[in-house]
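Descriptive analysis of the structure
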Amino acid sequence: MNKSIRVALIGNPNTGKTSIFNQLTGLKQKVGNYPGITVEKKEGICKLPNRAKAHIFDLPGTYSLNTNSLDERVVAELLLDQKDGDYPDLAVVITEVENLKRNLFLFTQVKDLRIPTLLVINMADLIPKKGISLNVDALEKKLDTKIALVSTRKGSGILHLKELIANYHNLSAGPTTVISKIAPEYFSKLKQALPTENLYRLWLAIAQKMSLETKNAIPPASLPILSHKDLKQLQHRETVLRYQFINNALKETYLVDFKTAKGFRAVLDKTFTHKVFGYILFFMILLTIFQAIFDWSSYPSDFIDAQFSEISGWIKSNFPAGILTDLLAEGVISGIGGIAVFIPQIAFLFFFISLLEESGYMSRVVFLMDRLMRPFGLSGKSVVPLISGTACAIPAVMATRTIENWKERLITILVIPFTTCSARLPVYLILIALVIPDDSILGLSYQALTLMLLYLLGFGMAIFSAMVLNRILKMENRVFFIAEMPNYRLPLLKNVGYTVLEKTKSFVIGAGKIILALAIILWFLGSNGFSKNFRNAETIVSERIEKQGLTPYSKNYIKNNIDLYLKNIHTSPTDRDQVSGKRAIQDSVRIRTRNLEENAKRQEIASYKLEHSYMGYAGKGIEPLVKPLGYDWKIGIAVLTSFAAREVFVGTLATIYSVGNDQEETIKNRMAGELDESGEKPLFNLASGISLMLFYAFAMQCMSTLAVVKKETNSWRWPLVQLLFMSAFAYLVALTAFQLLK
Amino acid sequence: MELLQQILAYSILMVAVGYLVWRYLLPKPVTGSKKEDTKACGQNDCGCR
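What follows is about unusual backbone geometry. All names here are of chain A. Residue Arg114 is not a glycine yet carries a positive backbone phi of 65°. Positionally, Arg114 belongs in the loop between α3 (100-112) and β5 (117-122). In this structure, Asp144 takes a positive phi of about 55° despite not being glycine. Looking at the element boundaries, Asp144 is found in the loop between α5 (136-143) and β7 (147-149).

Here you go:
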C-alpha cells in the first residue's frame, strides 16, 4: 500500500492558495480577497495519478517565515518542528504570476529549510493579458525546482501539479542561498555548536525565538548570543540576500511589458482609494446594497411570511384539536417562520458582500479604511475583522489573530460586537418596516437610508470606542499595515453562490435550533398559568364584554374591516358578483360583523390568558425596567430571550403574538396591530421603534460572542467588561431616544 | 388521542429544554468540545492562551 504524502500548501495571502486546495481535495471553502482570511489550518485528501494519496494541509497565508502574527507563526512552527505529525514531506509554495517577485521570497525561505519544495505559479491565464513573458524551463533551473503553471479560474494545470506532487522524490532539497554569507563568523560559531543541524533552520529558530525539536538539540546557552539590534540587522541582510537571488533568477526569465499591462488597474485603484471619491463611492455602493435588500427581497420575504401563516392555519384546521396541534401551529411554525422570512434579506446581503470580495474591491476598502482608522489607534488590519463582523462577530473575533500587537488586537476584539452583524438584520428589518414610512427622497427610500445609518452607527461606535480604549489602555507600539491589492476579477458566480448558500445555511440552522427551542418553551409558558384568572379567562372576559362591550381596538378593527369590505363591494368585480342588491349587502355585512365580533372576543380571551400565563407574570415582573424605554412586557420578554442571540427577538415576538391566535396573519401584521397600554396608539411607533433599534445596535446580546471573547482573551474579565458596558450604554441610549421622541 | 397529544407535546418540550441546557449551561467537557490546543504561540502576553 502506498504511503500518504504529507503536503503543505504555503503562500502569501491572496495567491489563490485556498482555491488550489479546493481543486486538489475537492473540499469547498470560502475564497476571499482580503488579507488574513485563512487563519486556520485546513486539511484534505488528494488522489494522485499514481494511485497514491496526498494529505494536503492548507496553511495560513504568510508573507515570510519572519513572523509577525499568530497565523504566520503557525507556519514557521510547523516547518521547524520535524517531530510534528503534520511536518510535510513536500512543501508546495503558491505564488501569483503578477506578484511573483515578492512571492518568491517565501519560496526561498522554505526551500532553504531543505524541504523538497515545488513552485506553483497561479493565475497563469493572466500571463498573456498582462504582457508577461515567462521562461518556465529557465526559471526551474535557476530556482532548482519544478514549476506548475496553474489557473484556478480556468481549472488548468491541476493535473500537472498532481503529477509533480506524486513524483516529489525527484525534487532537489538543496538551498537557494548560502545563509552564512550574511554573517560568516556568527554562523561558523553556530555550526560548531550544532554541527549536524541545518544552519538556516537553526538561524530561523533563533530569530523567531522558537525551540528546535530535534534529537541533537542542545541547551540554548551554548549558542552564540545576539543582541536585538544585531538580530534585526542580520534579518535585514537576509532579506537583501534573498532579493539579490530572486532578482537574478527573474532577470532573464520573467519580463513584463508595463505599458500595455498596468493602465486600467492603476486608474481603478486611484479612484477606489481616493481620499474623497473613494469614500463617496464606498458609501454609494453601501446605499445601493441596502436599497436592494429592501426593494428586491420584500417579494420573496412577503411570500415566505404568507406561506407560514397558511401552514399554521392549515395545521389548525386539519389536525385533531389538542395541545400538540396548538404547539405546532402557534409555537413551532411561528417560531420557524419568524426566522425564515429573513432568508432573502440575508442572502442578498451576503450576495453583495461576496461580490465585493470576489471582485477585489473589498481589499481597496480595507486600504481606504486604514487611513480612517489610524487616528483612532487602529490599523487596516483591524478593518478586516470589523468588516467580517457584519456577518458574525464570532469569526470576526477569531480573525483578530492576524493582528500582532496585543493591545490593538484586544481593542479590536472589544469593539467588534458594535458592528452590525447579520443577527441584527431581522430585528432592524421588522422594526424599520413597522415604524419608518415606506416613502423616498430623491429616489432613496427612507427605510434603506435608516438601515444604512444603523450600519454606519455601529461602525462609528466601534471606532469611537476604539479611540477611548486606546487612551485608557495606552497602546505602546504601532504596527505597519501591509495590504494585498489583488487583481480586479469578474466574480465567479460559483464562489458567490457558495458563499450565499453557506452563510444563509449557517444562519438559519445555527440560529434556527435555538429559536425553535425557545419558541417551544415560550409557547408552553404562554399557554399555561397557575392563577384563577388564567383558568377562568373565558368567563371573566365574556362577562366584561357583556357589561362594557369589546375593547376600543377590537371595535376599531371591526369597523375598518367592514369599511374595506363595503369599499370592495363597489370596486371589486368578484365581491360585486357575489353580493348584489341592498338587502343582500346588509345581510352580508351583518354576518361578517358577527364573525368578526366572535374573532375579536376569542382574541381578547387569548390576550387575557397570555397576560395571566407564566410568561405574562415573568414579563410583568421585568416591565418596570423596560417601560421607560417604551416597551411593554411582551417586548421585555423578547429582549430577555434574545440575550442568547439577537435574532431570537423576532421569533419570540412571533410566538408570543401567535399564542391563542386563530387568525392567519403575517408576523408583521400581528406586530403592527399591537397597541400600547392606552389601547389607542400602536405599540411599535417611531419612539419605541427607534429606542429598540438603538438598544439592539449597542447591546451585547450574544452569548456565543461572549464565549469566544473569553476564549481569545483567556479571561472572563474582558467579556464581562464588554457585557456590562454595552448593556448599560444601550439602555441609556434607548431610554434617551424614547424620552426625546415620545 | 388527547393523551397521545399531551405525551408528544411534553416530549417536545423536554427536548427543547434539554437542547438549551446542553447548549448554554453544561460545562465544556460534558458537551464534548474540541481538545484544547496546548501549543503556546511563543509571544509574551499575546493573550492567545
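From this point, the discussion proceeds with the structure in view.
What follows covers the side chain of Ser613 of chain A. With respect to the helices and strands, Ser613 of chain A occurs in the loop between α26 (582-611) and α27 (614-626). Apart from residues no more than four positions distant in its own chain, Ser613 of chain A is found in contact with Leu525, Gly526, Asn528, Gly529 and Phe534 of chain A.

All names here are of chain A. Here strand β2 (residues 42-47) runs beside strand β3 (residues 53-58); their pairing, made up of six bridges, is antiparallel. For Glu43, the partnering residue across the bridge sits in β3 and is Phe57. Two successive antiparallel strands, β2 and β3, enclose a turn made up of five residues, where Arg51 displays a positive phi of approximately 70°.

Before going further, it helps to spend a moment on the packing of aromatic side chains. Residues and elements named next belong to chain A. For the structure on display, the rule yields 21 aromatic pairs over all chains. Geometrically, the ring pair formed by Tyr186 and Phe187 is edge-to-face, given 5.6 Å between the ring centres and 85° between the ring planes. Taking relative accessible area as the criterion, Tyr186 reaches 10% and is therefore assigned buried. For the pair Phe698 and Phe729, a centre-to-centre distance of 5.1 Å together with 70° between the ring planes defines the contact as edge-to-face. Of this pair, Phe698 sits in helix α31 (residues 686-698) while Phe729 sits in helix α33 (residues 717-741), placing them 31 residues apart in sequence. Here Phe698 falls in the buried class, since its relative accessible area comes to 4%. Among the aromatic side chains, those forming a connected cluster through ring pairs are Trp296, Phe348, Phe351 and Phe352.

Let us look at the confidence of the model for chain B. Across chain B, the average pLDDT comes to 66, with 53% of residues at or above 70. Across residues 29-49 of chain B, where pLDDT falls below 50, the model places 32 contacts with residues more than four positions away in sequence or in other chains.

What counts, and where the lines are drawn
Residues numbered from 1 in each chain as written. Chains lettered and ligands numbered in written order. Predicted model: local features only at pLDDT ≥ 70, side-chain atom pairs only at ≥ 80, totals over all residues. Heavy atoms only, no water. Helix = DSSP H or I, 4+ residues; strand = E, 2+ residues; numbered from the N terminus. Contact = heavy atoms within 4.5 Å. Pairing = 2+ DSSP bridges. Phe/Tyr/Trp six-rings, centres within 6.5 Å; stacked < 30°, edge-to-face > 60°. Buried < 20%, exposed > 50% of the residue type's maximum accessible area, 1.4 Å probe, protein only. pLDDT = per-residue confidence, 0-100.

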